[in-house]
Amino acid sequence: MRWLMMMAALMPGLVDPVPAAEPASLLLKPAGVFDGVDGKVHPGWQVLVTGDRIVAVGPDLPTPAGTMPIDLPGTTVMPGMIEAHGHLFLHPYNETSWDDQVLHEPLALRTARAVANAKATLLAGFTSERDLGTEGAGFADVGLKAAIDQGIVPGPRLSVATRAIVALGAYGPKGFEPGVAIPQGAEEVSGVDQIVAAVRRQIAGGADWVKLYADYRWRPGEDCRATLSVEEIKAAVAAAHDAGRPVAVHAATAEGMRRAIAAGVDTIEHGYGGTPEIFAAMAAKRIALCSTLAASDATSRYRGWNGSEPAPPAVQTNRASFRMAMKTGVPICMGGDVGVFAHGQNAREMELMVAAGMTPADVLIGATWGNARWLHLSDKLGAVRPGLFADLVAVAGDPTNDIRAVRHVRMVMKGGSVSVRNS
Ligand SMILES: [Zn+2]
């Protein structure tokens with residue numbers, strides 16, 4: 001190529017250095033289309049893409065001259081999936097403990113790994129991801145997002161939370177000589193002024209979301225207890241919302257959830273300790289829940305669980321709270337806390353949601369249009385609808401029959417560009 005261009009420069013007119021123009025439009029021809037909204041696979045539908053947008057969807061679409069067809073036999077085309085709770089700067093804890101990742105891994109190593117993780121995520125059909133904290137890797141997610149947006153490295157569209165915010169002394173790594181300052185996995189605050197300052201600092205540094213921890217273990221081995229006060233959470237939410245940033249709150253206890261709901265947050269992560277009253281309040285306020293079933297599943301396996309029933313208490317509690325939330329009408333996010341387990345295995349959460357009682361169609365809506373709405377992206381993406389970004393994935397078979405079909409990715413398209421195509 002370089003030689004051709006050189007020749008062209010030397011002998012104008014002999015070789016055209018301008019590559020042939022991309023076709024103006026692409027026509028995807030799968031077996032059927034799942035639009036992310038109505039829960040059905042529509043046999044015989046096609047999708048017409050021009051530039052980075054979907055321009056038409058339906059049967060027998062008229063196409064402009066020069067449209068390039070892409071045959072995708074035996075597949076279902078659906079919106080690119082959206083991971084609502086990930087940590088691209090973490091890798092599975094059975095490879096390296098969380099403490100050691102935060103304390104011993106150089107930032108460049110963690111960033112290089114995050115680049116590989118972003119690629120694996122995209123190739124698995126996840127074209128967007130909300131990354132809920134770098135866990136000690138500072139603002140590196142902002143740079144990774146920019147590198148993806150500039151086309152330097154492949155990856156999903158990112159919404160990032162940068163450092164995340166915790167109550168002073170409540171997070172980790174912990175358990176060291178008390179007189180030694182240990183770098184923490186998030187920014188520590190105490191009091192309303194400090195939390196507002198942290199929110200503003202993180203937003204100035206590039207945070208699209210503000211992530212707070214409403215509860216945690218104060219000492220190793222203890223049960224979780226509420227950490228940030230209602231006043232602190234309220235002040236953080238006000239500062240974030242003033243800046244147009246939604247707030248995600250880690251809350252595993254009933255009290256942590258209660259405080260987060262009272263403060264008017266946007267999503268609650270984990271929610272293990274939710275009660276019928278708490279979930280009713282979430283449903284009334286339209287606060288979405290990310291159950292992260294895959295996280296408790298993975299950490300239980302790292303502790304020796306072989307997957308047989310009865311599952312360990314942590315797994316059963318998580319399933320029960322997910323079912324209770326679903327029954328109460330809480331908006332459900334699809335987010336697995338990926339990073340605790342391997343990136344690219346994001347579909348694990350979807351399989352566990354089905355195993356816990358949600359229909360595959362509802363899980364698929366949750367992972368596409370549902371997540372787009374709860375993550376405030378639905379004006380841009382999340383459905384196979386004209387005008388939205390052409391973020392599309394073709395999977396073998398019908399995922400509304402068997403959710404495992406989403407593991408069999410045949411094509412990933414992000415913004416109208418094919419990122420991967422497997423036969
Ligand atoms: Zn997380």
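These numbers were taken from a predicted model, which means no experiment stands behind them.

Chemist: Explain the overall build of the protein to me, using residue names and the numbers behind them.
Modeler: Assigned secondary structure in the protein consists of 12 helices and 20 strands. Seen along its three principal axes, the alpha-carbon backbone of the protein occupies a region of about 75 × 50 × 45 Å. For the protein, the residues scored as buried account for 53% of the 423 residues in total. Here the analysis covers contacts within the protein between residues at least 6 apart in sequence; of these, 66% occur between residues at least 24 apart. Carbon and sulfur atoms make up 56% of the accessible area of the protein, which totals about 17400 Å². Within the protein, the 42 negative side-chain charges are centred at a point lying 1 Å from the centre of the 38 positive side-chain charges.

Chemist: Could you give an account of the coordination of the zinc ion, naming the residues involved and the relevant values?
Modeler: Coordination of the zinc ion by the protein comes from His 85 (NE2), His 87 (NE2) and Asp 337 (OD), over a distance range of 2.0 to 2.2 Å. Written as a sequence motif, the donor residues of the zinc ion are H-x1-H-x249-D. Residue His 85 is located in strand β6 (residues 81-86), and its partner Asp 337 is located in the loop between β17 (332-333) and α11 (347-355); the two are separated by 252 residues in the primary sequence. For the pair His 85 and Asp 337, a shared accessibility class is recorded, and that class is buried.

Chemist: Report on helix α6 (residues 230-242), specifying residues and quantitative values.
Modeler: The terminal C-alpha atoms of α6, which comprises 13 residues, lie 18 Å apart, in line with the 18 Å expected from a rise of 1.5 Å per residue. Those residues of α6 that fall on the buried side of the exposure criterion are Glu 232, Ile 233, Ala 235, Ala 236, Val 237, Ala 239 and Ala 240. Residue Gly 244 follows α6 closely and has a positive phi angle near 75 degrees.

Chemist: Can you tell me about the pattern of salt bridges, naming the residues and giving the values?
Modeler: Oppositely charged side chains may form a pair once their charged atoms are brought near each other. For the structure shown, the criterion picks out 17 salt bridges. Close ionic contact of Asp 297 with Arg 348 constitutes a salt bridge, the shortest N to O distance being 3.2 Å. In this pair, Asp 297 is assigned in helix α9 (residues 293-302) and Arg 348 in helix α11, connecting sequence segments 51 residues apart. The class for Asp 297 is buried, based on a relative accessible area of 6%. Classification of Arg 348 as partly exposed rests on a relative accessible area of 23%. One salt-bridge network, held together by shared partners, links Asp 297, Arg 301, Arg 348, Glu 351 and Arg 407.

Chemist: How would you summarise the confidence of the model for the protein if you had to cite specific residues and measurements?
Modeler: Looking at the protein as a whole, the pLDDT averages 94, with 94% of positions reaching at least 70. Low confidence marks residues 1-20, where pLDDT is under 50. Its contacts with residues over four positions away, or in another chain, come to 4 contacts.

Chemist: Lay out the packing of α11 against helix α12 (residues 360-374) in plain terms, naming residues and giving numbers.
Modeler: Orientation of α11 relative to α12, taken along the N-to-C sense of each, is 145 degrees, at an axis distance of 9 Å. In terms of crossing hand, the pair formed by α11 and α12 is right-handed. Between α11 and α12, the contacting residues are Met 350, Met 353 and Val 354 on the first element and Pro 360, Val 363, Leu 364 and Ala 367 on the second. Classifying every residue of the contact of α11 with α12 by side-chain character gives 7 nonpolar, no polar and no charged.

Chemist: Quick rundown of the pairing of strand β14 (residues 247-251)? Include the residues and the values.
Modeler: With respect to burial, β14 is a largely interior element, 5 of its 5 residues being buried. Side chains of β14 alternate between two faces, with Val 247, Val 249 and Ala 251 and Ala 248 and His 250 buried alike. Here strand β11 (residues 210-213) runs beside β14; their pairing, made up of 4 bridges, is parallel. Bridge pairing links Lys 211 to Ala 248 in β14. Two elements, β14 and strand β15 (residues 267-270), share 4 bridges in a ladder whose sense is parallel. Each residue of the ladder has a partner; that of His 250, found in β15, is Glu 269.

Chemist: I'd love a proper account of unusual backbone geometry, names of residues and values included.
Modeler: Cis peptide bonds are those with omega within 30 degrees of zero, and the linkage from Gly 172 to Pro 173 qualifies with -5 degrees. Structurally, Pro 173 is set in the loop between β9 (165-167) and β10 (187-189). The omega torsion across Glu 309 and Pro 310 is 0 degrees, close enough to zero to call that bond cis. Position of Pro 310 relative to the elements: it lies in the loop between α9 and α10 (313-328). The phi dihedral of Thr 162 is positive, around 50 degrees, even though this residue is not glycine. Note that Thr 162 resides in the loop between β8 (157-160) and β9. Given a relative accessible area of 0%, Thr 162 falls into the buried group.

Chemist: So what's going on with the packing of helix α3 (residues 107-123) against helix α4 (residues 140-149)? Which residues, and what values?
Modeler: Running from N to C, α3 and α4 point in directions that differ by 40 degrees, and their axes come no closer than 11 Å. Overall, the two elements α3 and α4 adopt an arrangement that is oblique. Our pair here, α3 against α4, has a crossing hand that is right-handed. Contact residues: Leu 107, Thr 111, Ala 114, Val 115 and Ala 118 in α3; Ala 140, Leu 144 and Ile 148 in α4. Among the residues forming the contact of α3 with α4, the class breakdown is 7 nonpolar, 1 polar and no charged.

Rules of the game
Residues numbered from 1 in each chain as written. Predicted model: local features only at pLDDT ≥ 70, side-chain atom pairs only at ≥ 80, totals over all residues. Heavy atoms only, no water. Helix = DSSP H or I, 4+ residues; strand = E, 2+ residues; numbered from the N terminus. Buried < 20%, exposed > 50% of the residue type's maximum accessible area, 1.4 Å probe, protein only. Contact = heavy atoms within 4.5 Å. Areas by Shrake-Rupley, 256 points an atom, 1.4 Å probe, with all protein chains shown as cover. Lys, Arg positive; Asp, Glu negative; His and termini not counted. Charge placed at Lys NZ, Arg CZ, Asp CG, Glu CD. Donors = N, O, S within 2.8 Å, 3.2 Å for Na, K, Ca; no water. Expected span 1.5 Å × (residues − 1). Salt bridge = Lys/Arg side-chain N within 4 Å of Asp/Glu carboxyl O. pLDDT = per-residue confidence, 0-100. Axes fitted to C-alpha atoms, helices over the stretch in contact; angles between N-to-C directions. Left-handed = near helix turned anticlockwise from the far one by under 90°. Nonpolar A, V, L, I, M, F, W, Y, C, P; charged D, E, K, R; others polar. Pairing = 2+ DSSP bridges. Parallel < 35°, antiparallel > 145°, perpendicular 65-115°, else oblique.

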